[in-house]
Every structure is written in C-alpha cells, then in structure tokens.
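A structural walkthrough
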Amino acid sequence: MIRVKKIAHATYETPDLDKQIEYYTDILGLNLIGKEKDSAYLASTIDHHSVVLRKGGGERGACTRLGFQLGPDDDLDAFVKQTEAKGIKTSRKKDPEPSVADMVTFEDPKGTVMEVFKRGEFMHQKFPQKGIVPHKLGHVAFFVKDVKKVTDFYCDVLGFRVSDWMGDFFSFLRCGVDHHTINLMRDPEDRHFHTAFELRDWGHMLTACDHPSLNGYKLLWGPGRHGIGHNLFAYHRAPNGLITELLAQLDQMNEALGHFEPRPWHRDRPQKPKVWQKDPSASNYWGIMPTEEMHK
Ligand SMILES: [Fe+2]
C-alpha cells in the first residue's frame, strides 16, 4: 500500500482574513509567503506553506482541506489507482497551488478535501524572529459524527496507523513517527476541534503561553501533559474562533519495535498502542481537566 508520509498543510476558511494573517505572523510566528486578494500562504521552514487561509465561511473559521505528502519514491498514478479501487472518486490538477506541480484530491467521509501530492521543490525559508515560531504543523483534530468510519478511512485510504484509542470515541492516528497527525473525537457535529503546532521543549512552552497572553490571548487549557501521546500542551483560541494547541515532547513511534520511544513520564513499559479507559489521567497527568470552553 502507498501511504501518505507527512501532513503538509491545512486550509482554513476564515471570516476576517487580515486579522487571521496578523495572528499567524505576529502571534504564532509563521512567514507570510504569498498573499492574494482572498487567500494567504503561511510557512514554517522549508515547505512553501503549512497553512492556507481563504476568505469565507460563517462567523467562525472552518478547516476545509488537508494536504498530505507522499514519499519521493511513491508513484502518484499508482496512488490514484489504489484510491479509486476503494470506490473513491478522485480529481487530478496540475499546478493547483504554489510549489505543488501535480495533486490528487478527494473527500474524506465528513467532506474535508484531501490533497495528496509529492513535494517537488523546497523553499528553504528561515525561521522567523518574532512570535512563538513553532517547528512545524503537528496535527489537526476533528469532532466527527461517525468516528469508526472516519478512522477507517484514514487508515484504509491514506495508510494511517492507529496509535491509541480513548474508549471507542476518540482515535489518535499517525502517518509517521509522531504519535498522532490526525485525531478524531465522536460528537453530534462534524467540525474542526483544534490544530496543533510543535514547539522545541518546555522552555519554548513558556514563550507559547507568555507571548499570546501579552497580546490579549488567554489560555483555554494548560499547560499540562496529556496521557495519550504524553505531550506537553497549551490551548488558546485564534481570532477566527478555532482552537490552536502548542505542544512539545509528543510520543515518537519506533515502528520496527512496535512501541513508542521510552520516556520517564510513561506509565507503561514499553508504551504500546492501546485502548485507554476514559480516565482523567488520559487527558492530563497533571490533573487539571478541560473547561467547557474547549468544546465550544
Ligand atoms: Fe491535540
């Protein structure tokens, strides 16, 4: 099976484009790489873009598309064949967006557009000097009506692996060494839950809490340490209403050994993919539970 190797970017419809660009550049610390009348491309490092903003949507933003990168030796034609063989209708576009020469698109079961491509050229941006400046886009979490169906789609069509479940209602899926790149929580609605960016370490988390607060952004939850994935976390809300997570120390999978790289904060030795019980420590080992705000 041809599997996607990395999340490349996420696309958001957002009501106030300029305000959201200001947030991504001044607060998060991404580079504004390209701007057109109703869209903007923002980057962290060598990829042309990690975030695409398009003017639109309702009062609140929405995550409408996710870009996934194949490996240099993967064949896009073969990937199309593999996808169509599963009964999924695909479209193909040449030069659909900057730095992408050839892209196949199709929808996941909740209607988010999957954009699968091979990275042709790297842009070699430098890390910016202002804002939080994360290492990379880490994961995108969604509320979904049918968690089993959407989980199966990411595994069967895109080649994700299940890292953990909480009960039968919250799945954590990986497409590389990171514990999760997509996570899906059962809910009456299909909608974005949060988007996470990766930090260097605990010291960087200080900046990720202080810098937004100096600019009027309050934490919704954290800092804390999740049980599932074991990452440090802090959440706040972006101007378009969507939640941003900053994380560090996410579990790293050693596929050959079948367990996550051992860490002092693990309770299982070795730490293997499993079904976690719905227990407060699965959410936060340090004890503070999420507020109602996290579910709005
Ligand atoms: Fe997360």
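This one's a predicted model, so the numbers in the text were calculated from it and none came from an experiment. (Residues numbered from 1 in each chain as written. Predicted model: local features only at pLDDT ≥ 70, side-chain atom pairs only at ≥ 80, totals over all residues. Heavy atoms only, no water.)

1. Looking at the sheet that holds strand β13 (residues 191–198)
With mixed pairing, 9 strands are arranged side by side in an open sheet as β14-β15-β16-β13-β9-β12-β11-β10-β19. Two strands close off the open sheet at either side, each with one partner strand: β14 (219–225) and β19 (274–276). Averaged over neighbouring strand pairs, the angle between their axes works out to 20° when direction is ignored. Pairing of strand β10 (residues 161–166) with strand β11 (residues 170–174), which is carried by 5 bridges, proceeds in the antiparallel orientation. By the bridge assignment, M166 is partnered in β11 with F170. Here helix α1 (residues 17–28) sits on the sheet in contact with β13, β15 (232–237) and β16 (243–248), set at roughly 25° to β16. (Pairing = 2+ DSSP bridges. Helix = DSSP H or I, 4+ residues; strand = E, 2+ residues; numbered from the N terminus. Axes fitted to C-alpha atoms, helices over the stretch in contact; angles between N-to-C directions. Contact = heavy atoms within 4.5 Å.)

2. Some points on the pairing of strand β5 (residues 62–70)
Pairing of strand β1 (residues 6–14) with β5 involves 7 bridges; the strand directions are antiparallel. Residue pairing in the sheet places K6 in a bridge with Q69 of β5. The pairing of β5 with strand β8 (residues 113–118) spans 6 bridges and is parallel. Across the sheet, residue R65 finds its bridge partner in β8, namely V113.

3. Focus: the nonpolar core
One recurring pattern in soluble globular proteins is that nonpolar side chains are buried together. L66, F68, Y154 and L158 are the most contacted members of the largest nonpolar core, which has 58 residues in total. Counting residues per element, this core draws most heavily on α1, at 6 residues. When near neighbours in sequence (up to four residues on either side) are disregarded, L158 contacts M1, I2, R3, V4, F68, F79, F106, M114, V116 and F153. The next biggest cluster of nonpolar side chains, apart from the first, holds 18 residues, and it includes A141, Y235, I243 and Y285. (Core = buried A, V, L, I, M, F, W, Y, C linked by side-chain atoms within 4.5 Å. Buried < 20%, exposed > 50% of the residue type's maximum accessible area, 1.4 Å probe, protein only.)

4. Details of the sheet that holds strand β7 (residues 100–107)
In spatial order, the strands read β2-β3-β4-β1-β5-β8-β7-β6; together these 8 strands make up an open sheet with mixed pairing. With partners counted over all chains shown, the strands left at the sheet margins are β2 (31–36) and β6 (91–97), one partner each. For this sheet, the mean inter-axis angle between neighbouring strands, taken without regard to orientation, is 25°. Examined bridge by bridge, strand β3 (residues 39–43) and strand β4 (residues 51–55) share 4 bridges and lie antiparallel to one another. Residue pairing in the sheet places A40 in a bridge with L53 of β4. On top of the sheet, α1 reaches β1, β2, β3 and β4; it is set at about 165° to β4, its chief contact.

5. A word on the side chain of N183
Along the chain, N183 falls in strand β12 (residues 182–186). Taking relative accessible area as the criterion, N183 reaches 2% and is therefore assigned buried. If sequence neighbours within four positions are ignored, N183 has contacts with H139, V140, A141, F142, F170, S171, F172 and H194.

Any functional reading would require information that these geometric values do not contain.
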